[in-house]
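Residues per chain, in single letters:
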Amino acid sequence: MLETEVLVAGAGPAGLLVAAELALAGVRTTIVERHAERPPYCRGFNLNARSLDLLARRGLAEGLVAEGHQVPHAPATGLPGPLLLAGTSTDHPFSLGIPQTRVEEVLEARALELGVSIRRGHELRSFTQDDSGVTATIHNGQQIRARYLVGCDGGRSTVRKQAGIGFPGVDARWFALLGDVECELPYGVSAGPDGRTLFVIPRPGYVRVVVREDDPPADKYEPVTLERLQAQVDAVLGRHVELRAPHWLTRFGDAARLAERYRDGRVLLAGDAAHIHPPAGAIGVNVALDDAFNLGWKLAATVRGTAPDGLLDTYHAERHAAGERILANTRAQVAIEEAGDEPLADLMRRVATHPDGNRALAEIITGLDARYEPDGHPWLGRLAPDVPLTVAGRETHLAALLHAGRPVLLDLTPSRSFDAWSAGVEVVSATSPSTSDIGAVLLRPDGHVAWVTTGTDDDGLAAALHRWVGDVPVPV
Ligand SMILES: Cc1cc2nc3c(=O)[nH]c(=O)nc-3n(C[C@H](O)[C@H](O)[C@H](O)COP(=O)(O)OP(=O)(O)OC[C@H]3O[C@@H](n4cnc5c(N)ncnc54)[C@H](O)[C@@H]3O)c2cc1C
């Protein structure tokens, strides 16, 4: 039987990033992916500001930003105008147009470089768990033993179902057909004689046509044919416009479901396996990355045996709550769009064009509002901003301190010594021109602030270290 420390099911964005994070922390990790090859089509084309901020904490954002196309606003549905990202709580005040397939390539290369074993053409069919681990069975009968199993196997997750984790929510009320095709339709919205519309989105070498489906089949997974898409397009436009050379044909709806729990013993869920939501705000890849980034370091510390009690359960506490917010805001975006109500549109226009309203909406829709501690200093529980730093006479910046994926105690009043606190934590003394009100800050490996002081006192630091890092010596 093959043995590994953590088995990840699914090599999508969530699976690849969580595996890379585990491997960065020295955990032996294996991914099983049912597809023998990466699919030839591309679903998403967007990384949002929150994802870029997170990826930058591992040095992964810069290369992607150099390749992609920057748009200064957050993708949103149903709002009357664009939500500008300038002035929001991000180091990357833009959305990045980049194919999901390219993001997956970059994450896969990183996972492989860090030693992750990726077994393509391996479908996880079932598993059992006991006190010390999980035994998974692959479609070919092979068994894999691991201490933990992470289900990153998409919306129809086998892992979630086999673990008996409920997936409550609402079924789709409508479906849309999507075709990556060639045709002569103009980019943007095309309307037919009865006011119904379809969308034509430019993509590299083809266009993506999206149109609501009049009579979806009882089985929503029934394959979409070019004939079906053609008939729907012609019906909406009231004339025939030829669709050719289909690259990808599929159907999606506005179902919204959230796993009851993100952990069941030694089994964890991340990404679409844990939540599905209406197609608003182009958020799916981004939430998957956010989940994976939150889970990776916590699971690694648990496997290594250094995690404080309860650390792994904070994954459910933090990300299930985030999932609830994402379902709520994506459903709200669709509801506003569907209402077609002029007074509501006018209210939203006024909120969205007010600087504070714009900021709040942009941060909610992108997940930039993530804050895992509701009270205290404004930095507490939030992603620490990537401020410039001088460390031992060298110019650097905060995100670079996190590239190794370790907790960091950043001391911005270098007269003090934190040596006695240093077990399991990297202590960095620095100065910064942008943090005059911060004395010291404890950063979790994901860059979120676990403790902060504005002065020179250490009140609460011991408790924060015990909660997030584990046993540490008492200061002398
Ligand atoms: C048409 C469309 C457009 C989209 N556009 C965007 C966008 O612009 N921006 C955005 O952020 N999101 C977008 N999304 C959503 C996004 O694609 C998903 O949310 C994202 O891929 C989720 O990542 P994941 O890793 O959780 O799951 P997935 O990417 O679905 O990966 C799951 C993986 O698990 C594998 N798998 C499944 N079952 C098993 C098994 N039993 N054993 C082993 N492997 C298994 C699958 O083959 C797959 O590779 C779009 C989705 C669609 C359908």
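Since we're looking at a predicted model, the values are computed, not measured.

Attention now goes to the overall build of the protein. Across its full length, the protein carries eleven helices and 29 strands. Expected size for 476 residues packed as a compact globule is a radius of gyration near 23 Å; at 23 Å, the protein falls within 12% of this value. Its C-alpha atoms give the protein principal-axis dimensions of about 80 × 60 × 35 Å. With 476 residues in all, the protein has 52% of them scored as buried. Across the protein, contacts joining residues at least 24 apart in sequence account for 69% of those joining residues at least 6 apart. By element, 52% of the accessible surface of the protein is carried by carbon and sulfur atoms, the whole surface being about 20,200 Å². The average position of the 46 basic charges and that of the 61 acidic charges among the side chains of the protein differ by 3 Å.

The assigned domain composition of the protein is domain 1 (2-168 + 257-366), domain 2 (175-253) and domain 3 (388-468). Averaged C-alpha coordinates put domain 1 and domain 2 at centres separated by 28 Å. With seven residues of domain 1 at the contact, the number on the domain 2 side is ten residues. Carbon and sulfur atoms supply 60% of the area that domain 1 and domain 2 bury against each other, a total of about 760 Å² over both sides. Broken down residue by residue, the surface that domain 1 buries against domain 2 is led by Tyr41, Phe45 and Arg156, which jointly contribute 56%. Seen at the junction of domain 1 and domain 2, the total is one salt bridge. Between arginine 212 and glutamate 338 there is a salt bridge whose closest N-O contact spans 3.2 Å. Within the side of domain 1 that touches domain 2, the residues separate by chemical class into four nonpolar, no polar and three charged.

The subject of this paragraph is the pattern of salt bridges. Going through the model one piece at a time under the given rule, you end up with 34 salt bridges. With a closest N to O distance of 2.8 Å, arginine 120 and glutamate 108 form a salt bridge. Taken together, the residues span a long stretch of sequence, with arginine 120 in strand 9 (residues 117-120) and glutamate 108 in helix 4 (residues 100-113) at a distance of twelve residues. According to the relative accessible area criterion, glutamate 108 is buried, its value standing at 13%. Between arginine 196 and aspartate 194 there is a salt bridge, with the nearest N and O atoms lying 3.2 Å from each other. Under the relative-accessibility criterion, arginine 196 is labelled partly exposed at 29%.

What follows concerns the sheet that holds strand 3 (residues 29-33). Read from one edge to the other, the open sheet built from six strands follows the order 9-3-2-13-22-21, with strand pairing classed as mixed. The open sheet is flanked by strand 9 and strand 21 (263-264), the only strands paired with a single partner. Looking at chain direction, strand 2 (residues 6-9) and strand 3 are connected through four bridges and run parallel. Within strand 3, the residue paired with alanine 9 across the bridge is valine 32. Against the sheet, helix 7 (residues 284-304) contacts strand 2, strand 13 (148-151) and strand 22 (267-269), and its axis sits at roughly 170 degrees relative to strand 13.

Turning our attention to helix 8 (residues 313-339). Taking 1.5 Å of rise per residue, the 27 residues of helix 8 would be expected to cover 39 Å, and the 39 Å separating its terminal C-alpha atoms lies within 8% of that figure. Positioned one or two residues after helix 8, glycine 340 has a phi angle of 55 degrees, which is positive.

Moving on, we get to the packing of aromatic side chains. This structure, assessed with the given rule, holds three aromatic pairs. Centre to centre, the rings of tryptophan 297 and tryptophan 468 are 6.4 Å apart; their planes meet at 45 degrees, and the pair counts as tilted. A residue pair is termed long-range when its members are at least 10 positions apart, and tryptophan 297 in helix 7 and tryptophan 468 in helix 11 (residues 461-468) qualify at 171 residues. In this pair, the class of tryptophan 297 matches that of tryptophan 468, namely buried. In this structure, arginine 212 is placed above the aromatic ring of tryptophan 174, and the distance from its NZ or CZ to the ring centre is 3.9 Å. The positively charged end of arginine 266 is found above the aromatic ring belonging to tyrosine 148, 4.8 Å away from the centroid.

A few words now on the environment of arginine 394. Among the secondary structure elements, arginine 394 is positioned in strand 25 (residues 394-397). On a C-alpha basis, the gap between arginine 394 and threonine 128 in space is 51 Å, while along the polypeptide they are 266 residues apart.

Here, the residues flagged by UniProt with the feature "domain: FAD-binding" (unreviewed entry) are residues 3-329. Secondary structure content for residues 3-329 is 29% helix and 28% strand, while the C-alpha to C-alpha distance between its ends is 41 Å.

Let us look at the environment of isoleucine 336. Residue placement: isoleucine 336 occurs in helix 8. Along the backbone, isoleucine 336 and valine 428 are 92 residues apart, and their C-alpha atoms lie at a distance of 47 Å. Sequence-distant contacts of isoleucine 336, defined by excluding residues within four places in its chain, comprise Gly78, Leu79, Leu344 and Met348.

When you line up the elements, alanine 256 lands in strand 20 (residues 256-258). Spatially, the C-alpha atom of alanine 256 lies 9.7 Å from that of proline 279, the residues being 23 residues apart in sequence. In this structure alanine 256 touches Pro168, Gly169, Val170, Ile276, His277, Pro278, Leu327 and Arg331, once residues within four positions along its chain are discounted.

Let us look at the side chain of arginine 257. With respect to the element layout, arginine 257 can be found in strand 20. A distance of 2.6 Å separates the side chain of arginine 257 from the side chain of aspartate 171, its partner in a polar contact. Ignoring any residue separated from it by four or fewer positions in sequence, one finds arginine 257 in contact with Phe167, Pro168, Gly169, Val170, Asp171, Ala274, His275, Ile276 and Leu327.

This next bit is on the packing of helix 1 (residues 13-24) against helix 7. Two elements in contact, helix 1 and helix 7, have axes separated by 8 Å at closest approach and are oriented at 25 degrees. Considering their axes alone, helix 1 and helix 7 lie roughly parallel with respect to each other. Pair helix 1 / helix 7 crosses with right-handed handedness. Mapping the contact onto sequence places Pro13, Ala14, Leu17, Val18, Glu21 and Leu22 in helix 1 and Val285, Ala288, Leu289, Ala292, Phe293, Leu295, Gly296, Leu299 and Ala300 in helix 7. In terms of residue class, the contact of helix 1 with helix 7 is built from 13 nonpolar, one polar and one charged.

Rules and cut-offs
Residues numbered from 1 in each chain as written. Predicted model: local features only at pLDDT ≥ 70, side-chain atom pairs only at ≥ 80, totals over all residues. Heavy atoms only, no water. Helix = DSSP H or I, 4+ residues; strand = E, 2+ residues; numbered from the N terminus. Rg over C-alpha atoms; globule rule 2.2 N^0.38 Å. Buried < 20%, exposed > 50% of the residue type's maximum accessible area, 1.4 Å probe, protein only. Contact = heavy atoms within 4.5 Å. Areas by Shrake-Rupley, 256 points an atom, 1.4 Å probe, with all protein chains shown as cover. Lys, Arg positive; Asp, Glu negative; His and termini not counted. Charge placed at Lys NZ, Arg CZ, Asp CG, Glu CD. Domains from an automatic or database assignment. Buried area = accessible area lost by both parts, 1.4 Å probe. Salt bridge = Lys/Arg side-chain N within 4 Å of Asp/Glu carboxyl O. Nonpolar A, V, L, I, M, F, W, Y, C, P; charged D, E, K, R; others polar. Pairing = 2+ DSSP bridges. Axes fitted to C-alpha atoms, helices over the stretch in contact; angles between N-to-C directions. Expected span 1.5 Å × (residues − 1). Phe/Tyr/Trp six-rings, centres within 6.5 Å; stacked < 30°, edge-to-face > 60°. Lys NZ or Arg CZ within 6 Å of the ring centre and 35° of its normal. UniProt positions renumbered as here; feature names shortened; annotations may be inferred. Polar contact = N/O pair within 3.5 Å; in protein donor to acceptor, adjacent residues only side chain to side chain. Parallel < 35°, antiparallel > 145°, perpendicular 65-115°, else oblique. Left-handed = near helix turned anticlockwise from the far one by under 90°.

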